[in-house]
Amino acid sequence: MRIATYVRVSTDEQVQHGFSLAEQREACRNRAMSLGAASVVEFADEGVSGSIMDRPGIIALRDAVKNNQIDMIVVRDPDRLSRKLSHQLLLTEECEKAGARLEFLDFDWKDTPEGRLFYSIRGAIAEYEREKIRDRMIRGKDQKARQGGIPIGFYNYGYYYSPDSGKVTVNDAEAQIVLNIFKSFVYEDIGMNGVAKRLNEIGVPTRKGKGKWHRNVIRQILRNPVYIGFWKYKEFSIPVPDIVDAETWNKAQQKLKEARRLWAG
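Residues numbered from 1 in each chain as written. Predicted model: local features only at pLDDT ≥ 70, side-chain atom pairs only at ≥ 80, totals over all residues. Heavy atoms only, no water.

Enquirer: Explain the packing of aromatic side chains to me, using residue names and the numbers behind them.
Expert: One pass over the full model with this rule turns up nine aromatic pairs. Ring plane angle 20 degrees and centroid distance 6.0 Å describe the contact between Tyr 159 and Tyr 227, whose orientation is recorded as stacked. Placement of Tyr 159 in strand 5 (residues 159–162) and of Tyr 227 in the loop between helix 9 (215–223) and strand 7 (230–233) is noted, with a sequence separation of 68 residues between them. On the basis of relative accessibility, which here comes to 4%, the residue Tyr 159 falls in the buried class. Judged by centre distance (6.2 Å) and plane angle (65 degrees), the ring pair of Phe 182 and Tyr 227 falls under edge-to-face. (Phe/Tyr/Trp six-rings, centres within 6.5 Å; stacked < 30°, edge-to-face > 60°. Helix = DSSP H or I, 4+ residues; strand = E, 2+ residues; numbered from the N terminus. Buried < 20%, exposed > 50% of the residue type's maximum accessible area, 1.4 Å probe, protein only.)

Enquirer: Break down the pairing of strand 7 for me, with residues and values.
Expert: Here strand 7 shows a clear split, with Trp 231 and Tyr 233 buried on one side and none of Phe 230 and Lys 232 buried on the other. Looking at chain direction, strand 7 and strand 8 (residues 236–239) are connected through four bridges and run antiparallel. Residue Phe 230 lies in a different strand from strand 8, and its bridge partner there is Pro 239. The loop that links strand 7 with its antiparallel partner strand 8 comprises two residues; one of these, Lys 234, has a positive phi angle of about 55 degrees. (Pairing = 2+ DSSP bridges.)

Enquirer: I'd like a rundown of helix 2 (residues 21–34), residues and numbers included.
Expert: Between its first and last C-alpha atoms helix 2 spans 20 Å; for 14 residues at 1.5 Å apiece the expected length is 20 Å, and the two agree. Considered for burial, the residues of helix 2 that qualify are Leu 21, Gln 24, Cys 28 and Ala 32. Buried positions in helix 2, seen along its axis, are confined to an arc of 65 degrees and lie on one side of it. Structural note: helix 2 exposes Ala 22, Glu 26 and Ser 34 on the side pointing more than 90 degrees away from its buried face. As for helix 2, its buried residues are in contact with strand 1 (2–9), strand 2 (39–46), strand 3 (72–75) and helix 4 (78–81). (Expected span 1.5 Å × (residues − 1). Arc of directions from axis to C-beta. Contact = heavy atoms within 4.5 Å.)

Enquirer: Let's hear about the pattern of salt bridges: which residues, and what values?
Expert: Enumeration over the complete set of coordinates arrives at 16 salt bridges. With a closest N to O distance of 2.6 Å, Glu 94 and Arg 62 form a salt bridge. Here Glu 94 is found in helix 5 (residues 85–97), whereas its partner Arg 62 is found in helix 3 (residues 56–66), with 32 residues between them in sequence. Here Arg 62 falls in the partly exposed class, since its relative accessible area comes to 25%. When the shortest N-O distance is used, the salt bridge between Lys 251 and Glu 247 registers 3.3 Å. Placement of both Lys 251 and Glu 247 in helix 10 (residues 246–264) is noted, with a separation of four residues, approximately one turn of the helix. (Salt bridge = Lys/Arg side-chain N within 4 Å of Asp/Glu carboxyl O.)

Enquirer: Lay out helix 5 with the relevant residues and their values.
Expert: Its 13 residues place the ends of helix 5 18 Å apart at the C-alpha level, agreeing with the 18 Å of an ideal helix rising 1.5 Å per residue. Among the residues of helix 5, those classed as buried are His 87, Gln 88, Leu 89, Leu 91, Thr 92 and Cys 95.

Enquirer: Which residues make up unusual backbone geometry, and what values go with them?
Expert: Excluding glycine, a negative phi dihedral is what most residues carry, and trans is how most peptide bonds are arranged. One non-glycine residue, Asn 68, lies in positive phi territory at about 55 degrees. Among the residues examined, Asn 68 registers a relative accessible area of 44% and is labelled partly exposed. One non-glycine residue, Lys 234, lies in positive phi territory at about 55 degrees. Summarising the element assignment, Lys 234 is placed in the loop between strand 7 and strand 8.

Enquirer: Now, about a positive patch on the surface: what can you tell me, with residues and values included?
Expert: A cluster of like positive charges, contributed by Arg 223, Lys 257, Arg 260 and Arg 261, occupies part of the molecular surface. In terms of residue count, the dominant contributor to the positive patch is helix 10 (three residues). Following the sequence through the fold, Arg 261 ends up in helix 10. (Patch = residues over 30% accessible without salt bridge, like charges linked within 9 Å, V, L, I, M, F, W, Y side chains within 5 Å. Areas by Shrake-Rupley, 256 points an atom, 1.4 Å probe, with all protein chains shown as cover. Lys, Arg positive; Asp, Glu negative; His and termini not counted. Charge placed at Lys NZ, Arg CZ, Asp CG, Glu CD.)

Enquirer: Explain empty space enclosed by the protein to me, and be specific about the residues and the numbers.
Expert: Inspection of every chain in the model, using the stated rule, returns one cavity of 30 Å³ or more. Taken as a whole, the largest cavity encloses approximately 60 Å³ of empty space. In this structure, the largest cavity is lined by Ile 58, Leu 61, Arg 62, Val 65, Leu 81, Leu 91, Glu 94, Cys 95 and Leu 102. Those elements that provide at least two residues to the lining of the largest cavity are helix 3 and helix 5. Examining the composition of the lining of the largest cavity, we find that four residues originate from one element, helix 3, more than from any other. (1 Å grid on protein atoms, 1.4 Å probe; cavity = no way out; pocket = protein on both sides within 12 Å on 5 of 7 lines; lining within 4 Å. Points joined across faces, edges and corners; volume = space filled by probe spheres on them.)

Enquirer: Describe the nonpolar core, with residues and values.
Expert: Ranked by internal contacts, the top residues of the largest apolar core, which has 35 residues, are Ile 181, Phe 182, Trp 213, Ile 218 and Tyr 227. Elements supplying a minimum of two residues to this core: helix 7 (172–187), helix 8 (191–201), helix 9, strand 7, strand 8 and helix 10. Of all the elements, helix 7 adds the most residues to this core, at eight residues. Counting 18 residues, the second-largest nonpolar core is a separate cluster that includes Val 65, Ile 70, Ile 73 and Val 75. (Core = buried A, V, L, I, M, F, W, Y, C linked by side-chain atoms within 4.5 Å.)

Put into structure tokens, the structure is as follows:
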């Protein structure tokens, strides 16, 4: 196991607490060896305040962690890493992401009031960050929709969608099927089941190229305003190329309404 130790003192702390570099080195190295270290690399900052992150030793340690050169870091206590809780949280997250475990001599992360407080604060901050990212993504999508762009995946039958360009274009072959569905439903007395049956009988492939056409799929197509040029996203109506004229669309909606009334009766 590749274990690193980190030691730090400032002049005032050395006098007040007696945590000299030599004492920290010995204690941390002994713990590392007892944990089965194959090698021990030491990082140190002498006479540097723990309230700043611009320390040569901590910078070198973070680089080693980032480059996956360390499996575990042994430290006297969290204050040696930093005097600021926000910095402790940052360093802890960096270590965990790199798969490096933090081991403290005088601090138990989970089984002390301090440890539980640390994890509670850490969890609250993590949740806040997730919500902030989520809110930023939602606002970004809404802004794109407000400008007439496609903010999420567009997978409607009858169209091509390019995620790279964000453009929606008509798939001519599928568009003809869509037009036939509307005309069959509106101008023939065969209903949605009859439309689906006809498509299956003549071997028209579905979007996925397998399976059969069903009544529910036909209803979804007939009710979707995308085919008259309006794609719905939340409260936004985003213009796209139309496939069906407004007259045929309105007749289809009226017939669907009558079908629902008959079904309810």
